[in-house]
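Next come the chains, spelled out residue by residue.
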Amino acid sequence: MKRLVIFDLDGTLLDTIADLGTATNHALRQCGYPEHSLASYAKFVGNGITRLIERSLPEDERIPETINTVREKFTEYYDNHKTDLTRPYPGITELLHELETMGIKLAVASNKYHKAVVSLIKHYFPTINWHAIEGQKDGVPTKPDPSIVFEILAKCPVRKSKVLYVGDSGVDMETARRACVDSCGVTWGFRPAKELKEFHADNIVDAPDEIIRIVNRPGLELDI
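Here the structure is a predicted model, which means the values were calculated and not measured.

Q: Explain the pairing of strand E6 (residues 163-167) to me, using residue names and the numbers behind them.
A: Within E6, 5 of the 5 residues are buried, leaving the element largely enclosed by the surrounding structure. Across the two faces of E6 the burial is the same, with Val163, Tyr165 and Gly167 and Leu164 and Val166 all buried. In this sheet, E6 lies alongside strand E1 (residues 4-7) in parallel orientation, the contact comprising 4 bridges. Its bridge partner being in E6, Val5 is matched across the sheet by Leu164. Direction of pairing for E6 relative to strand E7 (residues 182-186): parallel, over a ladder of 4 bridges.

Q: Could you give an account of the nonpolar core, with specific residues and numbers?
A: Among the nonpolar cores identified, the biggest contains 53 residues, and Phe7, Leu13, Phe74, Phe125, Trp130 and Ile211 are the most heavily contacted of them. Here this core takes 6 residues from helix H5 (residues 114-124), the largest share from any one element. Apart from the residues within four sequence positions on either side, Leu13 is in contact with Phe7, Asp8, Arg87, Pro88, Tyr89, Ile92, Leu96, Val108, Ile121, Phe125 and Trp130. By size, the runner-up hydrophobic cluster in this structure holds 16 residues, among which are Leu4, Ala132, Ile148 and Cys156.

Q: Please set out the packing of aromatic side chains residue by residue, giving values where relevant.
A: Scanning the entire structure with this criterion turns up 3 aromatic pairs. Consider the rings of Phe125 and Trp130, whose centres lie 6.1 Å apart with planes at 65 degrees: the pair is edge-to-face. Trp130 matches Phe125 in its accessibility class, with the two residues each being buried.

Conventions adopted
Residues numbered from 1 in each chain as written. Predicted model: local features only at pLDDT ≥ 70, side-chain atom pairs only at ≥ 80, totals over all residues. Heavy atoms only, no water. Buried < 20%, exposed > 50% of the residue type's maximum accessible area, 1.4 Å probe, protein only. Helix = DSSP H or I, 4+ residues; strand = E, 2+ residues; numbered from the N terminus. Pairing = 2+ DSSP bridges. Core = buried A, V, L, I, M, F, W, Y, C linked by side-chain atoms within 4.5 Å. Contact = heavy atoms within 4.5 Å. Phe/Tyr/Trp six-rings, centres within 6.5 Å; stacked < 30°, edge-to-face > 60°.

What follows is the structure in structure tokens.
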């Protein structure tokens, strides 16, 4: 049985794509660049806001100065509108409460900037006792670097064999692999199941309640 479940945020706990896309389009428009359809942003996200902005810009405009300018416009807008259209995926809130009832520790590991991660978690899941909430911070590499997982494990000392990392993308599956913890890919997020398989997800689920079965599965008592 697992003792700690670490969740990705965007595309796993929350459907944030409409607010992310709207904020990026606002920033692009303010800076005189073409906008994109909201649906197209599913392939832009996953590696943090800076990479989101970079991918949204024309190729010949992807220079640090421009990226920083557009990111500033994005952050200014997103901080005030990040809950306009964002919603938890169906069944997620119930899953979190069930895991908590089972005595499972819960944590979040996101490539979104830390301030926004904390704000979103507190807004949408205010009654959940999160043992760690980690977003992107200066000086800490973004996923798939496993540093964010190690930060969570420092706050929640649990054997790696007792940890499940849940996410919707290849970035998440690779993060879990590098951290040497079991992974669970979800198919309701921003990336297709094909990507999860290509990145060797240990488990793939189509609905939140299926995670309970994985958490309850007996495992080897490895002291790692």
